[in-house]
Amino acid sequence: MISDKHMDKSKVSQDRSSVFVKRKRTFTLAFIIFFALFAISAAVAEYDVIGGFESIPKAVKWMSANFVPDEKAWSRLPKIFEKLSETALVSVAVTVCAATLAFFFSLLGTKTTRVNPWIGRIVRIIAAFFRNVPDVVWAMLLLFSFGQNMLTGFFALFFTTFGMLTRTFIETIDEVSSSCVEALRATGASYIQTVFHGIIPSSMPEIISWVLYMIETNIRSSTLIGVLTATGIGNLFDLYYKRMDYSSASLVVVSIVVLVIFIEMLSNKIRKVIM
Amino acid sequence: MAILEFQNVSKLYNNTTKALTDISFSVDEGEFVSIIGPSGSGKSTILRCVNRLVDATKGTIIFDGHDINRADKRELRRIRTKTGMIFQHYNLVDRLSVIENVLHGRLGHKTTMSGVVGYYSEEEKERAFEILAKLGLSEQAYKRCDELSGGQKQRVGIARSLMQEPRLILCDEPIASLDPSSARIIMDYLKNINETMKITCIFNLHQVDVALKYSKRIIGITSGRIVYDGPPEELTKAKIYEIYQSSEGELITDDIG
């Protein structure tokens with residue numbers, strides 16, 4: 001009996017040391033692979049590492065000479081504000097519309113509330129499709145059907161937001177609401193009652209938190225989409241940039257950054273209150 | 001009179017995993033029955049077959065004269081209002097107040113629309129406060145459930161099921177997450193409900209000693225089969241070892257004596 005235990009012990013310590021050796025080996029290997037990947041891809045892309053770093057001071061110098069908002073740029077501030085608020089409001093509208101639709105759509109996709117497993121799977125696939133086509137690609141595709149106007153940008157953002165939110169809502173509902181849904185079903189509550197009394201109250205804070213995050217993201221991406229669709233703040237940036245009015249263009253960028261930071265702070269406040 | 005009857009009930013998960021095999025038993029009105037058995041032996045599945053949170057694969061389950069497996073949607077809702085359920089993790093809507101959670105017990109009695117808008121009659125509200133008072137939760141009525149202790153949460157769970165005016169309460173490990181003193185309070189309340197309100201109670205329990213102390217009848221389950229069904233006095237040590245498929249000295253209760 002005692003010798004048995006002793007043998008066990010020596011075997012355990014052997015196992016233990018081999019675990020550490022294995023971990024060391026994995027780390028070394030991972031590091032080598034990481035470095036090799038960098039070297040190979042740099043070689044293929046003909047990326048000059050040293051040259052890249054050397055050009056940084058020059059770039060900074062040029063940017064500080066050209067991208068500082070001057071007198072003329074500040075006089076354009078009202079115009080910038082107008083376009084910026086337009087873009088921000090469109091982003092909010094897109095997110096809210098997409099979120100409403102995504103919520104009801106996600107109910108079909110969750111393990112907790114799905115009608116049957118096949119529909120659940122289809123919902124997840126549809127959501128993955130909408131999410132994984134980048135919004136810029138959506139914008140380019142939709143340009144053919146809607147032309148250069150607000151609607152194109154709206155739908156481009158709508159599709160990615162819808163896909164993204166459907167997925168996060170599915171995960172949230174499965175994580176937060178499954179236990180109370182089970183209990184409500186057991187009391188004899190109908191499907192719609194469990195949605196309104198179980199899922200909505202229990203998962204609403206998380207859902208709002210995701211919607212706020214998507215509003216931030218959408219303001220950022222709507223800038224780029226605006227360049228393509230010739231609307232909003234993106235168009236204004238494009239205009240100034242092409243006129244080589246870099247100081248005004250930079251003021252546009254700065255104002256976008258300020259707005260996004262402001263929205264971020266605001267939504268953090270909201271999150272604190274609702275959690 | 002039998003309120004619940006299992007006739008040769010079997011349950012397969014994913015067409016392969018056998019959860020229950022040929023389970024037959026019947027429970028009379030007003031009984032206080034404990035089901036014991038190792039984890040994964042099918043205790044929870046039995047309870048969930050009663051209110052069809054899980055559908056039995058084979059066999060018949062009769063509750064209050066109705067064949068549960070044949071019930072349509074409306075019938076099923078009616079059956080569910082007659083069977084309360086209490087969970088190990090309480091399964092409350094944590095962000096809502098105690099009183100709202102208790103009133104959820106009425107949803108099954110309502111039409112979908114009046115349930116959705118949360119319309120509760122004055123009598124229902126009064127009844128909810130009465131039940132809360134009976135369970136010693138009057139002061140907590142307007143608190144959010146996530147502010148409560150485990151024992152208090154479980155009492156809210158009991159209140160919710162009592163709001164249903166059930167004839168049967170299914171208790172799925174009601175005290176498994178509670179400290180010994182809260183566990184005792186919960187068991188005493190349930191015993192009291194069983195005796196004074198004549199509501200039938202079926203328990204899943206891990207604590208053999210609790211089952212022996214409180215219930216008048218014990219059902220032992222091992223790998224989906226009933227291996228014991230009788231009064232606690234006749235549940236010998238040998239039988240307990242058989243239920244848990246272990247030998248002497250391997251159970252925690254062996255050391256305590």
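Everything in this summary refers to the structure shown in the same document. (Residues numbered from 1 in each chain as written. Chains lettered and ligands numbered in written order. Predicted model: local features only at pLDDT ≥ 70, side-chain atom pairs only at ≥ 80, totals over all residues.)

Description of the overall build of chain A
Here comes step 1: Along chain A, the regular secondary structure elements total 11 helices and zero strands.
Here comes step 2: Listing the helices and strands of chain A from first to last along the sequence gives α-α-α-α-α-α-α-α-α-α-α.
Here comes step 3: The C-alpha radius of gyration of chain A comes to 27 Å, more than 25% above the 19 Å expected for a compact globule of 275 residues.
Here comes step 4: Summarising its shape, the C-alpha atoms of chain A cover approximately 90 × 65 × 40 Å along the three principal directions.
Here comes step 5: A separation threshold of at least 6 residues defines the contact pool for chain A, and within that pool the share at least 24 residues apart is 73%. (Helix = DSSP H or I, 4+ residues; strand = E, 2+ residues; numbered from the N terminus. Rg over C-alpha atoms; globule rule 2.2 N^0.38 Å. Contact = placed C-beta atoms within 7 Å.)

Topic: the environment of A:Val123
Residue and element names in this part refer to chain A.
Here comes step 1: Structurally, the position occupied by Val123 is in helix H5 (residues 117-132).
Here comes step 2: Val123 gets classed as buried once you count the C-beta atoms within 10 Å, which come to 21.
Here comes step 3: For the pair Val123 and Leu107, spaced 16 residues apart in sequence, the C-alpha separation works out to 9.4 Å.
Here comes step 4: If we ignore the near neighbours within four places in the chain, the residues touching Val123 are Phe105, Leu108 and Gly109. (Buried ≥ 20, exposed ≤ 12 C-beta atoms within 10 Å, placed from the backbone.)

What about the pairing of strand S7 (residues 168-172) of chain B?
Residue and element names in this part refer to chain B.
Here comes step 1: Here S7 lies mainly inside the structure; five of its five residues are buried.
Here comes step 2: Residue alternation in S7 divides its side chains into two sets, Leu168, Leu170 and Asp172 and Ile169 and Cys171, and both sets are buried.
Here comes step 3: Pairing of strand S6 (residues 83-86) with S7 involves four bridges; the strand directions are parallel. When the sheet's bridge partners are listed, Thr83 is paired in S7 with Leu168.
Here comes step 4: Inspection of the sheet shows S7 paired to strand S8 (residues 200-205) by five bridges, in the parallel sense. Among the inter-strand pairings, Leu170 is bridged to a residue of S8, identified as Ile202.
Here comes step 5: On the question of chirality, the crossover connecting S7 to the parallel S8 by way of helix H7 (residues 180-196) is right-handed. (Pairing = 2+ DSSP bridges. Right-handed = clockwise from strand over helix to strand, strands pointing away.)

What to know about helix H6 (residues 135-146) of chain A
Residues and elements named next belong to chain A.
Here comes step 1: Taking 1.5 Å of rise per residue, the 12 residues of H6 would be expected to cover 16 Å, and the 15 Å separating its terminal C-alpha atoms lies within 8% of that figure.
Here comes step 2: Within H6 the residues assigned to the buried category are Asp135, Trp138, Ala139 and Leu142. Projected onto a plane normal to the axis of H6, the buried residues spread over an arc of 100° and lie on a single side.
Here comes step 3: As for H6, its buried residues are in contact with helix H7 (150-176) and helix H9 (191-229).
Here comes step 4: Where H6 terminates, the next one or two residues include Gly147, which has phi positive at roughly 75°. (Expected span 1.5 Å × (residues − 1). Arc of directions from axis to C-beta.)

Focus on the sheet that holds strand S9 (residues 217-222) of chain B
All names here are of chain B.
Here comes step 1: Strand order across the open sheet formed by six strands is S6-S7-S8-S3-S9-S10, with mixed pairing between neighbours. Across the chains shown, the open sheet's two edge strands, defined by having one partner strand only, are S6 and strand S10 (225-230). Adjacent strand axes in the sheet meet at a mean angle of 15°, parallel and antiparallel pairs treated alike. (Axes fitted to C-alpha atoms, helices over the stretch in contact; angles between N-to-C directions.)

Some points on the environment of B:Phe63
Residue and element names in this part refer to chain B.
Here comes step 1: On the secondary structure map, Phe63 appears in strand S4 (residues 58-63).
Here comes step 2: C-beta crowding within 10 Å serves as the criterion here: with 22 such atoms nearby, Phe63 is assigned to the buried category.
Here comes step 3: Spatially, the C-alpha atoms of Phe63 and Ala159 are 22 Å apart, while their sequence positions differ by 96 residues.

Description of the interface of chain A and chain B
Here comes step 1: Contacts between the two partners involve 18 residues from chain A, matched on the other side by 23 residues from chain B.
Here comes step 2: Those elements giving two or more residues to the side of chain A that touches chain B turn out to be helix H8 (178-186) and H9 of chain A.
Here comes step 3: Split into classes, the residues belonging to the side of chain A that touches chain B amount to eight nonpolar, eight polar and two charged. (Nonpolar A, V, L, I, M, F, W, Y, C, P; charged D, E, K, R; others polar.)

Thoughts on the packing of helix H4 (residues 77-107) of chain A against helix H10 (residues 232-242) of chain A
Residues and elements named next belong to chain A.
Here comes step 1: In contact at an axis separation of 7 Å, H4 and H10 are set at 140° when each is read in the N-to-C sense. Overall, the two elements H4 and H10 adopt an arrangement that is oblique. Listed contacts from H10 to Ile80, Lys83, Leu84, Glu86, Thr87 and Val90 of H4 are Gly232, Ile233 and Leu236.
Here comes step 2: By residue class, the composition of the contact of H4 with H10 is five nonpolar, two polar and two charged. (Parallel < 35°, antiparallel > 145°, perpendicular 65-115°, else oblique.)

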